[in-house]
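Tertiary structure, described
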Amino acid sequence: MKGFKIVFWILWRIWFYVLMAIPIVIMLPFLVISILSEKGYPYFFKMARIWAKFILYGMGFYYKVKREQKLIKHKSYMIVANHTSMTDIMLTLAIIKNPFVFVGKKELVKIPLFGFFYKRTCILVDRNSSRSKNEVFKRAQSRLNQGLSICIFPEGGVPDDESILLDEFKDGAFRLAIDHQIPIVPIVYPDNKERFSYTFFSGSPGKMRVKVLPFVETNGLTSENRKELRDKVRQLIYKELLEFEKKDSKK
């Protein structure tokens with residue numbers, strides 16, 4: 001039985017990368033045209049959402065979303081969520097219709113095909129370089145000024161220790177949200193670690209629950225409030241993750 005599971009996980013992981021490539025190859029000419037200028041980004045974003053849903057359904061995932069508040073069309077937001085899986089990217093694209101730009105780690109550039117577009121459409125950060133972090137801030141400001149939203153996983157990466165429910169948050173997302181006086185959209189992903197974690201021999205098809213919490217307003221806040229805001233949003237997500245764990249333990 002264990003041998004069967006290992007074979008399944010190997011083939012399933014390979015299938016994930018095949019699924020990543022298929023829609024990119026099919027839509028390649030349109031994707032290339034859409035990234036020739038920043039004005040084309042909303043069209044690229046629509047194709048990215050198709051790509052994301054193709055992967056999720058192709059992997060046998062289905063998602064159920066509970067929204068306590070809905071995004072307003074053509075309004076900018078700071079989208080934040082807990083980060084435990086590469087599928088966090090796809091799931092965020094699938095559930096959010098407002099065009100947004102990811103701030104993400106530069107290591108994903110190495111993935112064939114995906115990395116080409118990732119490098120040209122996302123804001124990349126080298127977490128070991130203070131200069132890179134400053135550049136990220138400037139690029140994010142530019143995107144917000146264009147009316148787009150920003151998505152940041154404020155843990156700054158996926159913890160190596162998978163027993164950590166929610167790592168500490170970095171300040172960047174909250175500093176940007178305050179500077180631009182835009183609402184923060186906290187999103188909770190309780191199942192993504194179980195469905196498709198970074199541990200190779202793990203995961204399974206199944207349900208991915210999503211909860212979009214009430215937005216946290218930043219009107220009237222200043223940079224002096226960013227740590228307080230950061231801790232408040234983290235506590236909201238953490239509390240909700242604990243609630244999901246509590247419900248699951250009763251089943």
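Since the structure is predicted, the reported quantities are computational estimates derived from the model, not experimental observations.

Opposite charge on two side chains makes pairing possible when the charged atoms of those side chains draw close. Counted according to the given criterion, the structure contains ten salt bridges. Between Asp 171 and Arg 226 there is a salt bridge whose closest N-O contact spans 3.5 Å. On the criterion of sequence distance, the pair formed by Asp 171 in the loop between strand S5 (149–152) and helix H7 (172–179) and Arg 226 in helix H9 (residues 226–249) is long-range, its members being 55 residues apart. By relative accessible area, which is 18% here, Asp 171 ends up buried. A salt bridge links Asp 231 to Arg 230, with the nearest nitrogen and oxygen atoms 3.0 Å apart. The class of Asp 231 is partly exposed, set by a relative accessible area of 40%. Several salt bridges converge on common partners, so that one network encompasses Asp 171, Arg 226, Lys 227, Arg 230 and Asp 231.

A few words on the side chain of Asn 98. By the element assignment, Asn 98 lies in the loop between helix H4 (87–95) and strand S3 (100–105). Asn 98 sits in the buried class, given a relative accessible area of 9%. Of note is the side chain of Asn 98, whose polar atom sits 2.8 Å from the backbone oxygen of Ile 72.

Cut-offs applied
- In this numbering scheme, every chain counts its residues from 1 along its sequence in written order.
- Local features in this predicted model are restricted to residues of pLDDT 70 or higher, and side-chain atom pairs are both shown and tallied only at a pLDDT of 80 or more, whereas totals for entire chains, interfaces and linings draw on every residue.
- The side-chain values count all of the structure's non-hydrogen atoms but skip hydrogen atoms and water molecules.
- For this document, the term salt bridge refers to a Lys or Arg side-chain nitrogen within 4 Å of an Asp or Glu carboxyl oxygen.
- Numbering goes from the N terminus for both helices and strands, where a helix is a DSSP run of H or I of at least four residues and a strand is a run of E of at least two.
- The classification of residues rests on relative accessible area computed with a 1.4 Å probe and restricted to protein chains. Under 20% of the type maximum is buried, over 50% is exposed, and intermediate values are partly exposed.
- Each polar contact in these results corresponds to two N or O atoms within 3.5 Å; when the atoms are within protein, one needs to be able to donate a hydrogen and the other to accept it, and residues that are neighboring in sequence are counted only if both atoms are side-chain atoms.

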